[in-house]
Amino acid sequence: MDSRQSVALSQVAPRSVRLGRRFWILGAALLLGAALWGGQPARSQAAAVPPAAQAEAPGATAGRLDDTPRMAIMSAFAPELALLRERLRQPRQFTADGVDFTTGVLEEQPVVLLLSGISMVNAAMNTQLLFDRFNVSHLVFSGIAGGVNPELHIGDVSVPERWGQYLEVVMMRETAPGRYQAPASKTLSPFAPYGMMQPRDVRVRQAGSAQIQEKFWFDVDPRMLAVARSIQAVPLRACDRQDRCVADRPRLVVGGNGVSGQAFVDNADFRRYAYRTFRANVLDMESAACAQVAWRSNVPFIAFRSLSDLAGGGPGENEMNAFLHIAADNSAQVLLAFLRAWPR
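To start, this report covers the structure provided alongside it. Note that the coordinates shown come from a computational prediction; the quantities given were computed from them, not determined experimentally.

A short note on the side chain of N126
Among the secondary structure elements, N126 is positioned in helix α6 (residues 120–133). A relative accessible area of 8% means that N126 is categorised as buried. Leaving out residues up to four positions away in the same chain, N126 has contacts with M74, V99, L114 and S116.

Below you can see the structure in the form of structure tokens.
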């Protein structure tokens, strides 16, 4: 049957048939509208996304998934968060923009747990998403790092008092073999260059301020740092479940500097440069990004980082794969001790 025949038949169909068809369509539309108005998703949508995953908590501020003031705990990837997930009570799952959030109680503190994803852009992007969707009172990062201070060892936990971005640089022009010059228009930090790479500050403005600042270092919250300094005995692991053990008994070191950048560093010469130039204890791929976003939003921040490797300073193959779980658990154990010591 072609389209012209179809039109012709519709024109001669009995009026009662045409009216019945219209009432059937109208009834179906009203039923669907009632279901949606009552908060019931269409069947195909319910199958694709679990309703609880996207639902806002009752009474939450518009745009937020949950309004309870919580300490946010972030790690880059799953092994770093595993021990904390095991200890979490009253878990409730939320999802926003492809990121999973789990609220609950950890050491009697209301918390929200999430993975930032690896590296600086993921960390900054998902820190802001966290602040947009939850009522975050404080931000804590827990994870692994490469050690650049020669006095620290694999398994140690470092809690730096400030963070900077070592790969925020000007790639300088080579004016003669081994000689480099930055454009006069670029404001540089006082740090020594690494070849053609000259570190520089970032231009930032804090929420509620009209002033643009140039900063390299972003300090952690002094009150959170003081609580970290008060931690006494923490059970830090020296061996993993396969009885692979680190050479030195792990210890907690609070203070000093940390640096971050979008590179996995496994180079002895750059490790020496990072320690000599920034006096860094550890080097990672997320903390400085989180620190900057937290500074802008006036959210207190601190990071716990345990050494999984020596960033190229060891005698053989990079140690991360061998000692990842020892380092991840040690960082988490210090964080749990921090939560126990945090005033309720």
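What about the pattern of salt bridges?
Enumeration over the complete set of coordinates arrives at 14 salt bridges. The salt bridge partner of E161 is R229, with a shortest N-O separation of 3.9 Å. Taken together, the positions of E161 in the loop between β6 (157–159) and β7 (162–165) and R229 in helix α7 (residues 222–230) put the pair 68 residues apart, joining distant regions of the chain. With a relative accessible area of 45%, R229 lands in the partly exposed category.

Topic: the state of the cysteines
Counted according to the given criterion, the structure contains 1 disulfide. The disulfide that involves C239 links it to C245, with 1.8 Å between the sulfurs. What sets the handedness of the C239 and C245 disulfide is the S-S torsion sign, and at about 105° it is right-handed. Looking at C239, the relative accessible area reads 30%, which means it is partly exposed.

Let's talk about empty space enclosed by the protein
The probe, sized like a water molecule, is rolled over the atoms to show the empty space still left. Following the criterion strictly, the structure yields 1 cavity of 30 Å³ or more and no others. Taken as a whole, the largest cavity holds about 30 Å³ of empty space. Every residue along the wall of the largest cavity is listed here: Y166, L167, V169, M197, P199, F270 and Y273. The set of elements that each furnish at least two residues to the lining of the largest cavity consists of β11 (197–199) and α8 (268–278).

Considering the side chain of Q165
With respect to the secondary-structure elements, Q165 resides in strand β7. Using a relative accessible area of 15% as the deciding quantity, one classes Q165 as buried.

Some words on a nonpolar patch on the surface
There is a patch of nonpolar side chains on the surface, built from M171, Y180 and M196 and spanning about 290 Å² of accessible area. Topologically, Y180 is positioned in strand β10 (residues 179–181). Assessed through its relative accessible area of 33%, Y180 is described here as partly exposed.

Criteria and thresholds
Residues numbered from 1 in each chain as written. Predicted model: local features only at pLDDT ≥ 70, side-chain atom pairs only at ≥ 80, totals over all residues. Heavy atoms only, no water. Helix = DSSP H or I, 4+ residues; strand = E, 2+ residues; numbered from the N terminus. Buried < 20%, exposed > 50% of the residue type's maximum accessible area, 1.4 Å probe, protein only. Contact = heavy atoms within 4.5 Å. Salt bridge = Lys/Arg side-chain N within 4 Å of Asp/Glu carboxyl O. Disulfide = S-S within 2.5 Å. 1 Å grid on protein atoms, 1.4 Å probe; cavity = no way out; pocket = protein on both sides within 12 Å on 5 of 7 lines; lining within 4 Å. Points joined across faces, edges and corners; volume = space filled by probe spheres on them. Patch = residues over 30% accessible without salt bridge, like charges linked within 9 Å, V, L, I, M, F, W, Y side chains within 5 Å. Areas by Shrake-Rupley, 256 points an atom, 1.4 Å probe, with all protein chains shown as cover.

By themselves, these are just geometric observations and shouldn't be taken as functional.
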